[in-house]
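# Remarks on the overall topology
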Amino acid sequence: MIPLTHSAQPCHYRRLVLWSGALLSSASLWLVCASMAFAIEPSFGYYDDVPPIDQSEIDTMGERTREARKRLKRSEIATLEQPESLVPTVPLPPPPKDGRDDVPGIDLQEVDELRKAFKEMQSQASTDEKQGAEKPNAPEIPGPSPQQTTPQKQLDQDITSLTERVNALERVLVGTEERPGLAGLIGGWTRHNGFFLMSSGGDFFLRLPVLFQSDYRSFPSGQNGSNPGVQPNTFILQRVRPMAHIRVWRYFHALITPDFGNGMLNQNTLQNQSVVQIPDGFAEWDYFSAFRVRVGKFKSPIGLEMLQGVQNLSFMERSLTRNLLPNRDIGAMTWGTLWHGALEYQVGIFNGAPNGNFYQDTKASSSSKTIDARVFARPFMDHSLEWLRGFGMGVGMSTGSVSNVTGQENMQTETFSYTFFSYLPQVQGDGNRLRIAPQAAWYYKRVGLLGEYVRSTQHLKNGAGPDVRTTHEAWTAQASFLVTEDTATYGHIEPRRPFNWSKRQWGAWEVAFRYAQLNIDPDTFAHNLADPTVSVLRAKSMTIGLNWYLNGNLRISGNFVHTDFVGATPVYRAADHEDGLMFRAQLTF
């Protein structure tokens, strides 16, 4: 709403337009924030499945609240200290009482009526101004006639009455420094923070993100061979995660993530059961961006692809390299960013989750602990050449002693439907395990590239047999391209033109290709650590993906995955390939 500046306009009218604009802007703040054009993107660093809190939206809300309170203090009509003493000309409906602070509720219908009245008066004033401009040489009238004076007085009275009502409503909404108004209690939805509740200053914040992934998985030519044969086509709830992201006293965070889906359960006895898993449950102190402390259960900071939010992958699932990396682990970690995100680091001590684990491995197998560390740099982030700014590279590593368990869960294909490698039951760790993962990524305009190499070395023994040092390797390379005029990113893709049939907008479309390979150490079979008839020596996969981002919350994906298996010896009798055709509907907010 733009206030008129004509000299004949009453000063009360100018204040009325200004205050009404402040009231309506405050009452619909989350809708204003939802229309912001910028995106909150992480760098290539430690990134959870839930996006970071958009502090700019919270700061905007606090700033507008403070500005509204200052305007109330300067008001010549309203009385700040005694807001209850104002009696509007037209009584408001009796508001409900809030037992927490005894502040009456705001009547949103009344706000709508005020908005209409303000627009009508502004339109009338604009018409009068135009008519006056069309007659510049009109003779001046020495004195107003009774017919002109009476409407003017009535208009001034109406403006004064509406001003009082606007002040009363705005006071209830924004409150004072001593008594917060409803703005300190209102929750809503914004583009980046989703559904939330917060205090007026943003120090206390509750966000309720949701990740929902429903898949259809089919196997056009199955997994041939004697074991396991053709798997049935199936619908599956891959991930159902209603999360709670909490912030208290501004610098203390907590994330709790239950998962009601059954797509990540890699134990055959649990595959068809509804078991609630807890992928994430941690607390964090982040007063300094360069030094933050996190304790609980969360992602191990090693692999680049593993740290990427699962809802932001260019494919439905991660590559074969995840079989040589841990997923979640319990421990404590310090991490941070330096030089405005040009350098990131993570260092933590953990129980030591096995490679390829999901969520159920939470307890330590021995008193020994594992140290995980990672550093990632963006050396050209401020370079004059724009195409260099999106390049980053780094390395992650992990070291620790493993005993009583193998330190390796069953290795599975990208469809999670076929186990192609597992150790014999009596095999256990017998010393140090070292994992190293050099990594790099580059994003520029529509193009995205990501590559990673993983090497896992471990000491094992079969029962009372000798100590055997085995080294498994895996690597992956992927490329993605946005067909539409959108920007590729390691984080969340926000379509420039969200799907809208009436406007002929089709959202964002992305095509992607990935190759991955995993090599098992031949000594594994030479020392009888695995069964050569069913466990492979090498697995190679090629994946083609198509993604349709209807908007920032809804995505539909399709993947075709072809995986070839090579046995270590001629006695190998299991599948020589797997073909998987998968589709997914994903909702995030």
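Residues numbered from 1 in each chain as written. Predicted model: local features only at pLDDT ≥ 70, side-chain atom pairs only at ≥ 80, totals over all residues. Heavy atoms only, no water.

## Observations concerning the nonpolar core
Grouped together as the largest cluster of nonpolar side chains are 29 residues, with contacts concentrated most on Met411, Tyr418, Phe420, Phe421, Leu518 and Phe565. For this core, the secondary structure elements donating two or more residues are strand S15 (419–421), strand S16 (427–444), strand S17 (447–462), strand S18 (468–482), strand S19 (508–519) and strand S20 (536–549). Per-element tally for this core: the top contributor is S20, with three residues. Excluding anything up to four places from it in sequence, Phe421 contacts Asn410, Met411, Ile520, Thr524, Phe525, Ala530, Ser535 and Val536. Core analysis: the second largest hydrophobic core is formed by twelve residues, Phe376, Leu482, Ala488 and Tyr490 among them. (Core = buried A, V, L, I, M, F, W, Y, C linked by side-chain atoms within 4.5 Å. Buried < 20%, exposed > 50% of the residue type's maximum accessible area, 1.4 Å probe, protein only. Helix = DSSP H or I, 4+ residues; strand = E, 2+ residues; numbered from the N terminus. Contact = heavy atoms within 4.5 Å.)

## What about the side chain of His472?
Tracing the chain through its elements places His472 in strand S18. We classify His472 as buried; its relative accessible area is 3%. Here Asp521 takes part through its backbone nitrogen, which lies 3.1 Å from a polar atom of the side chain of His472. For His472, the contacting residues outside a window of four places in its chain are Leu324, Met411, Tyr423, Val454, Arg455, Ser456, Asn519, Ile520, Asp521 and Thr524. (Polar contact = N/O pair within 3.5 Å; in protein donor to acceptor, adjacent residues only side chain to side chain.)

## A short note on the packing of aromatic side chains
One pass over the structure, following the stated rule, counts 20 aromatic pairs. Aromatic pair Phe195 and Phe589: ring centres 5.5 Å apart, planes at 85 degrees, arrangement edge-to-face. Taken together, the residues span a long stretch of sequence, with Phe195 in strand S2 (residues 194–198) and Phe589 in the segment after strand S22 (577–588) at a distance of 394 residues. The exposure class of Phe195 is partly exposed, given its relative accessible area of 43%. On the accessibility criterion, Phe589 (30% relative accessible area) is partly exposed. Note on Tyr287 and Phe288: the rings are 4.8 Å apart at their centroids and 80 degrees apart in plane angle, and the pair reads as edge-to-face. (Phe/Tyr/Trp six-rings, centres within 6.5 Å; stacked < 30°, edge-to-face > 60°.)

## Overview of the confidence of the model for the protein chain
Any region with low pLDDT has predicted coordinates that should not be read closely. When pLDDT is averaged across the protein chain, the result is 78; 68% of the residues are at 70 or more. Per-element mean pLDDT across the protein chain ranges from 35 in helix H2 (residues 29–34) up to 98 in S19. This model gives residues 76–105 a pLDDT under 50, and the stretch forms 46 contacts once residues within four places in sequence are excluded. (pLDDT = per-residue confidence, 0-100.)

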